[in-house]
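Chain by chain, the residues:
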Amino acid sequence: MKSGYVALIGKANAGKSTLVNVLVGEKVAIVSPKPQTTRDAIMGIITEADYQIVFIDTPGIYKAKNALSQVMAKTAETTAKGVDLILFVLDGHAGVTDGDIETVKRYSDGKIPMIIAYTKIDIMPKENIPADVKRLYDEGVTCDVYPVSARKGTNLKKLVNAIVERLPEGEKVIGEDIVSDKSERFMIAEIMREKILLKFDKEIPHGVAVIVNTFVKQDNGVYDINLDIICEKANHKAILIGKQGAALKEVSSFARKDMEKFLGAKVFLTTYVKVKEDWRDRPSLLSGMGYGKKNS
């Protein structure tokens, strides 16, 4: 059989997490239209009779502005060096830029095979596809390009077949019943952060972290979950809580519903908002929150 590790590399909001979730068939990474949604390397695993693909979804590539984004950039760089194939995810809807071409060339140094998933073709003019592909080849990019739509399922089978063809022969590297390397506790924190990303605008979502204090399944099957939402400023805390707690109640309700769907059980959720000024630039706090660690 074929088996191996595949790193998804690309700019923030290129569609990496959505693509992994659809290919794996389960939610293994949170999704939002904002940069910095994915902060850590997250595995999503497909296991079939004749192949196993271990996808590693990485943080988006962009200029680091603080200690957290430096950790995220290092995670992407390190992940790309230890895999069997790089799947470069390029946002087709946004079009091919000089920066995209530069980044593709940086990762396609010949040491590790690469293919390009050209995403979001369901929301862009079809005539742009051949023009963008031609530009890539004219600029010296030699790896194969697969136009895909994760939402519509377009060309995903072709993409998977192309990935499998390039993987080495070998046994399964992960147990066949496992679809992600992340714990339920990790995913609960990520679901809460996803809802904050979707509800709040501007800088607030980027300055938020979620810490799960209690994650216990009671005898009656209900999960008791207590978590802290960490923000950077007192006025951010006020916005997150809202008038008479309305904003916090709303986002917590949305999160609880997704948590129950993910866990397959009822959830009793308690949330608090706390301020830790400039936590994204404090390495000791980042380490305590699990950023940059291999296991979460």
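Residues numbered from 1 in each chain as written. Predicted model: local features only at pLDDT ≥ 70, side-chain atom pairs only at ≥ 80, totals over all residues. Heavy atoms only, no water.

Participant: Can you help me understand unusual backbone geometry in this one?
Facilitator: The phi torsion of most residues other than glycine is negative, and most of the peptide bonds are trans. Even without glycine at this site, Lys120 takes up a positive phi of about 65°. Tracing the sequence through the fold places Lys120 in the loop between β5 (114-119) and α4 (128-138). Under the relative-accessibility criterion, Lys120 is labelled buried at 18%. Even without glycine at this site, Asn155 takes up a positive phi of about 65°. (Helix = DSSP H or I, 4+ residues; strand = E, 2+ residues; numbered from the N terminus. Buried < 20%, exposed > 50% of the residue type's maximum accessible area, 1.4 Å probe, protein only.)

Participant: Help me understand the sheet that holds strand β9 (residues 267-275), please; the structure alone is not making it clear to me.
Facilitator: Each strand in a sheet pairs with another by means of backbone hydrogen bonds, the pair being arranged parallel or else antiparallel. What the three strands build is an open sheet, ordered β7-β8-β9; its pairing is mixed. Each of the sheet's edge strands pairs with one partner strand only, and the pair in question is β7 (209-217) and β9. For this sheet the average axis-to-axis angle between neighbouring strands, irrespective of direction, equals 15°. Of the pairings in the sheet, the one linking β7 to strand β8 (residues 223-231) comprises eight bridges and is antiparallel in character. Bridged to Thr214 within β8 is Asn226. Against the sheet, helix α6 (residues 184-199) makes contact with β7, β8 and β9, and its axis sits at roughly 135° relative to β7, the strand it touches most. Sitting on the sheet, helix α7 (residues 234-241) is in contact with β8 and β9, with an inclination near 155° to β9. (Pairing = 2+ DSSP bridges. Axes fitted to C-alpha atoms, helices over the stretch in contact; angles between N-to-C directions. Contact = heavy atoms within 4.5 Å.)

Participant: Looking at this structure, how should I read helix α8 (residues 246-263)?
Facilitator: An α-helical turn contains 3.6 residues, so any two residues separated by three or four positions project in the same direction. Over its 18 residues, α8 runs 25 Å from end to end, which matches the ideal 26 Å to within 8%, given 1.5 Å per residue. For α8, the complete set of buried residues consists of Ala247, Leu248, Val251, Ser252, Ala255, Met259, Glu260 and Leu263. Within two residues after α8, Gly264 carries a phi angle of roughly 70°, on the positive side. (Expected span 1.5 Å × (residues − 1).)

Participant: Teacher, can you tell me more about the pairing of strand β1 (residues 2-9) here?
Facilitator: When a strand is regular, its side chains alternate between the sheet's two faces. With respect to burial, β1 is a largely interior element, seven of its eight residues being buried. Pairing of β1 with strand β3 (residues 51-57), which is carried by seven bridges, proceeds in the parallel orientation. Across the sheet, Leu8 pairs through a bridge with Asp57, a residue of β3. Taken together, the four bridges between β1 and strand β4 (residues 85-91) define a ladder with parallel strand orientation. Bridging across to β4, Val6 finds its partner in Leu85.

Participant: Even after reading the chapter, I still don't get the sheet that holds β3, so can you show me in this structure?
Facilitator: Read across the open sheet, the six strands follow the order β2-β3-β1-β4-β5-β6; overall the sheet is mixed. A strand with exactly one partner marks an edge of an open sheet, and here the two such strands are β2 (42-47) and β6 (145-147). Pairs of neighbouring strands in the sheet enclose a mean axial angle of 25°, with direction left out of account. Packed onto the sheet, helix α3 (residues 98-107) meets β1, β4 and β5 and runs at close to 175° relative to β4.

Participant: Looking at this structure, I do not really get the pairing of β8. What am I missing?
Facilitator: By the criterion of burial, β8 is predominantly enclosed, with eight of the nine residues buried. Once β7 ends, the chain turns through five residues before running back antiparallel as β8, passing Gly221 with a positive phi of about 90°. In the sheet, β8 pairs with β9 via nine bridges, with the strands oriented parallel. Of the residues in β9, the one forming a bridge with Ile229 is Val273.

Participant: Explain the side chain of Thr119 to me, please; I cannot follow it from the model alone.
Facilitator: Mapped onto the secondary structure, Thr119 falls in strand β5. Apart from residues lying up to four places away in sequence, Thr119 is in contact with Ala14, Val89, Leu90, Asp91, Gly92, His93, Met124 and Val148.

By themselves these figures say nothing about function.
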